[in-house]
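So the chains spell out like this:
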Amino acid sequence: MSEKYSEKWYPAYEDLLELKNIWPFQVEDLFGGSGKYPLLNFRYGKGPRRIVFIARVHGHEPAGTSGTIAFLQSLVTKRDERLNNIEDNFTLDIIPMVNVDAALRYANVIPDSYAKNRFEENEEDYIEYKNIMTSPGRDLFNNLDMRENHLKPSTIAEMKSKEIPLGTLYNEQAVEIARDWKEQNARHTKTLTKFMQNKKPEYFIDIHCHERPTTLYVPYTEEIDEDIKALSNCGDKLLNILRSKNIPCTPNKKCTHYVVHGISNDYMYNNLGIKSFLWEINAGYKFPPSFKKVLGEDYLPRSLTRNEMTETVYELMLNFLHLQL
Ligand SMILES: [Zn+2]
């Protein structure tokens, strides 16, 4: 497979600033300069249908950043003719790196942000890998599954005194953005919600990574309505497109809702009426053999290469837009 997407794979914050400097269209810091780092939104197109993509809510999940950056670069260089009809049909708002602080913290530990260069897919290394995400849980509570979405001030103080770094699940305020949509303690969730209320896009797509094969999720609802059916259908088509391109993803899983309720796509759909997806791209790392039984068929696909992680996001974005035409 060509490495055409890999040159800028390392999704450093600097790459984003570089893109900002050459971006010929509108780009803005949604924090208006008030954040520790900017929340950069790249706008493209003048079409009537508005779609918002966000990525890198968790610092250790680089695919969304590299994929959206590759997509944005292609829009500038026009190197992919499949992008030709995007401009007139859509207005895209693309935010490649929501949680800059955690992405930089992750890059401090894993310099190229590609876990498999550092960790084997065995039990011992998996614990080390997981510790980077949840280190407060491990060090303060001695329980790997402990995962608090808002760390208490006393916990943060204790961490500081013991020089324990924040896990990459969290933003600089020690809030896990991904599970903060209802409570909105993080400046990120507050700002993004305001932005969504103001722009009222037709779709919202939140791009993450996980240690399973690539899977797509629709919002959780009590009843399966027509919108959810259409979203699931669209998700299934996208997974089939990945399969047809031999890009590893879940072998058989259908597009359904995520196991944890109240995440971004649930919030956008149930509270703001915006059709939404959560895309979970394989993290370039997969669970160790002890997960074989739980994962079943989903244990079989290998982890993605860096190039495939970027390509997965790029192809999902492009084909999602094409399916809307
Ligand atoms: Zn995530």
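Because the structure is a prediction, the values reported are computed rather than measured.

K.L.:
Residue-level account of the coordination of the zinc ion, with values.
P.N.:
As a benchmark, a tetrahedral metal site with four donors has ideal angles of 109.5 degrees, while an octahedral site with six donors has ideal angles of 90 or 180 degrees. Protein-derived ligands of the zinc ion are H58 (ND1), E61 (OE), E61 (OE) and H208 (ND1), with the metal-ligand distances lying across 2.0 to 2.3 Å. Around the zinc ion sit 4 donor atoms; with metal-centred angles ranging over 57 to 148°, the donor geometry is irregular. All donors of the zinc ion belong to a single chain; written as a sequence motif, their spacing is H-x2-E-x146-H. Taken together, the positions of E61 in the loop between β3 (49-55) and α2 (63-77) and H208 in strand β5 (residues 203-210) put the pair 147 residues apart, joining distant regions of the chain. For E61, a relative accessible area of 6% translates into the label buried. For H208, a relative accessible area of 4% puts it in the buried group.

K.L.:
Break down the sheet that holds strand β8 (residues 275-282) for me, with residues and values.
P.N.:
Strand order in this open sheet of 8 strands is β1-β2-β4-β3-β5-β8-β6-β7, and the pairing throughout is mixed. Two strands lie at the open edges of the sheet, namely β1 (27-29) and β7 (256-257), each paired on one side alone. Both strand β2 (residues 40-44) and strand β4 (residues 90-95) contribute to a ladder of 3 bridges, which runs antiparallel. Paired with R43 across the strands is D93, a residue of β4. Sheet strands touched by helix α1 (residues 13-22): β1 and β2. Its angle to β2, the strand with the most contacts, is close to 40°.

K.L.:
Could you give me a rundown of the pattern of salt bridges, with the residues and numbers involved?
P.N.:
For the coordinates displayed, the defined rule picks out 19 salt bridges. The shortest N-O distance in the salt bridge between R43 and D93 comes to 2.7 Å. Residue R43 is found in strand β2, and its partner D93 is found in strand β4; the two are separated by 50 residues along the sequence. Take R43 and D93: they sit in the same class, and that class is buried. Across the salt bridge formed by R105 and D101, the nearest N and O atoms sit 2.9 Å from each other. In this pair, R105 and D101 are both assigned in helix α4 (residues 100-109), 4 residues apart and thus about one turn of the helix distant. The structure contains a network of salt bridges with shared partners spanning E28, R43, R50 and D93.

Rules and cut-offs
- Residues numbered from 1 in each chain as written.
- Predicted model: local features only at pLDDT ≥ 70, side-chain atom pairs only at ≥ 80, totals over all residues.
- Heavy atoms only, no water.
- Donors = N, O, S within 2.8 Å, 3.2 Å for Na, K, Ca; no water.
- Tetrahedral: all angles 85-135°; square planar, octahedral: opposite > 155°, others 65-115°.
- Helix = DSSP H or I, 4+ residues; strand = E, 2+ residues; numbered from the N terminus.
- Buried < 20%, exposed > 50% of the residue type's maximum accessible area, 1.4 Å probe, protein only.
- Pairing = 2+ DSSP bridges.
- Contact = heavy atoms within 4.5 Å.
- Axes fitted to C-alpha atoms, helices over the stretch in contact; angles between N-to-C directions.
- Salt bridge = Lys/Arg side-chain N within 4 Å of Asp/Glu carboxyl O.

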